[in-house]
Amino acid sequence: MTRQLLASVRALLLATVVLGLAYPLLMTGVAQVVAPSRADGSLVTSADGTVVGSSLLGQGFVDASGAPLPQYFQSRPSAGDWDGAASGGSNLGPSSPELADAVASRRAEVAAFNGVPEDQVPDDAVTTSASGLDPGISPAYAAIQVDRVASARGVSPSEVQALVSAATHGRDLGFIGAPYVAVLDLNLALDQAVG
């Protein structure tokens, strides 16, 4: 019995060292060599070198009171108020009256903010994602924001649309996922191009 207990303790210690220490350190080292930017969190920097976010996580473009800034493209709503520690969906089902009310309220707010009819507001503008931190929006959601952003920045909509096109990513391998606009990259490009 003692011999079996010692053997099991040794096996546990060996598995802990190999699987809990050696393997993670090896994978971290390989990731640093193969894809250092991604291994470090896909950090995005501004023109002056300041880290402003991650290309993997969405963020809100709001003022101190939480009101959306008209000169920036807005991301999808966040169930966790853009807090990575609170990442997750709302867990409200499609038959939830609370979800229906939230979507209706967001649709009215987005339509009013962008000066478009409510029926032109796409679904991703009013629903949170499963993570609550999506870094991209649909091209349709970006399209209804072009005129507002152009007006707030005093430039032509065609200049803003060109930047939207440059920040739009297609489907992976041509058929996986949906096209999306990288909001952080787009807003940084706006700051650089039109101030």
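Scroll up a little and you will see the structure.
Just so it is clear, the model here is predicted, and its values are computed rather than measured.

Caption draft 1: Local environment of the overall build of the chain. Along the chain, the regular secondary structure elements total six helices and five strands. The order of α-helices and β-strands along the chain, N terminus first, is α-α-β-β-α-β-α-α-β-β-α. Its C-alpha atoms give the chain a radius of gyration of 22 Å, clearly above 16 Å, the size a compact globule of 195 residues would have. C-alpha atoms of the chain, sized along the principal axes, occupy 75 × 45 × 40 Å.

Caption draft 2: How the structure looks around the pairing of strand β2 (residues 51-54). Bridge analysis of strand β1 (residues 43-45) against β2 gives three bridges, and the strand direction is antiparallel. Bridge pairing links Thr45 to Val51 in β2. Hairpin connection from β1 to β2: five residues lie between these consecutive antiparallel strands, with Gly49 at a positive phi of about 90 degrees.

Caption draft 3: The side chain of Arg107, seen in detail. In this structure, Arg107 sits in helix α3 (residues 97-114). Its relative accessible area of 19% is what places Arg107 among the buried residues. Beyond its immediate sequence surroundings of up to four residues, Arg107 is in contact with Glu118, Val121, Pro122, Asp123 and Val126.

Caption draft 4: Looking closely at the packing of aromatic side chains. Throughout the structure, instances matching the rule amount to one aromatic pair. It is Arg153 that lies over the ring of Tyr72; its NZ or CZ is 5.0 Å from the centre.

Caption draft 5: Spatial organisation of the sheet that holds strand β5 (residues 180-182). Ordered by their spatial adjacency, three strands build an open sheet running β3-β5-β4, and the pairing between neighbours is antiparallel. Strands at the two margins of the open sheet, each flanked by one partner only, are β3 (136-137) and β4 (168-169). The pairing of β3 with β5 spans two bridges and is classified as antiparallel. Bridge assignment links Gly136 to a residue of β5, and that residue is Ala182.

Caption draft 6: Main features of the layout of surface pockets. Reported here for the largest pocket is a volume of approximately 530 Å³. In terms of lining, the largest pocket is formed by 22 residues, of which the most central are Pro68, Gln74, Ser75, Pro77 and Glu109. Secondary-structure elements contributing two or more residues to the lining of the largest pocket are α3 and α4 (139-153). Per-element accounting of the lining of the largest pocket gives the leading share, six residues, to α3. Looking at the lining of the largest pocket residue by residue, the classes come out as nine nonpolar, eight polar and five charged. Space inside the second largest pocket adds up to approximately 190 Å³. Lining the second largest pocket are 15 residues, with Ser55, Leu56, Pro135, Tyr180 and Ala182 positioned closest to its centre. Taken together, the elements giving at least two residues each to the lining of the second largest pocket come down to β5 and α6 (183-194). Considering each element in turn, the lining of the second largest pocket owes the most residues, three residues, to α6.

Caption draft 7: Summary view of the environment of Val160. Considering the arrangement of structural elements, one finds Val160 in helix α5 (residues 157-166). Beyond its immediate stretch of four places on either side in the chain, Val160 contacts Phe73, Val146, Val149, Ala150, Val155 and Leu190.

About the thresholds
Residues numbered from 1 in each chain as written. Predicted model: local features only at pLDDT ≥ 70, side-chain atom pairs only at ≥ 80, totals over all residues. Heavy atoms only, no water. Helix = DSSP H or I, 4+ residues; strand = E, 2+ residues; numbered from the N terminus. Rg over C-alpha atoms; globule rule 2.2 N^0.38 Å. Pairing = 2+ DSSP bridges. Buried < 20%, exposed > 50% of the residue type's maximum accessible area, 1.4 Å probe, protein only. Contact = heavy atoms within 4.5 Å. Phe/Tyr/Trp six-rings, centres within 6.5 Å; stacked < 30°, edge-to-face > 60°. Lys NZ or Arg CZ within 6 Å of the ring centre and 35° of its normal. 1 Å grid on protein atoms, 1.4 Å probe; cavity = no way out; pocket = protein on both sides within 12 Å on 5 of 7 lines; lining within 4 Å. Points joined across faces, edges and corners; volume = space filled by probe spheres on them. Nonpolar A, V, L, I, M, F, W, Y, C, P; charged D, E, K, R; others polar.

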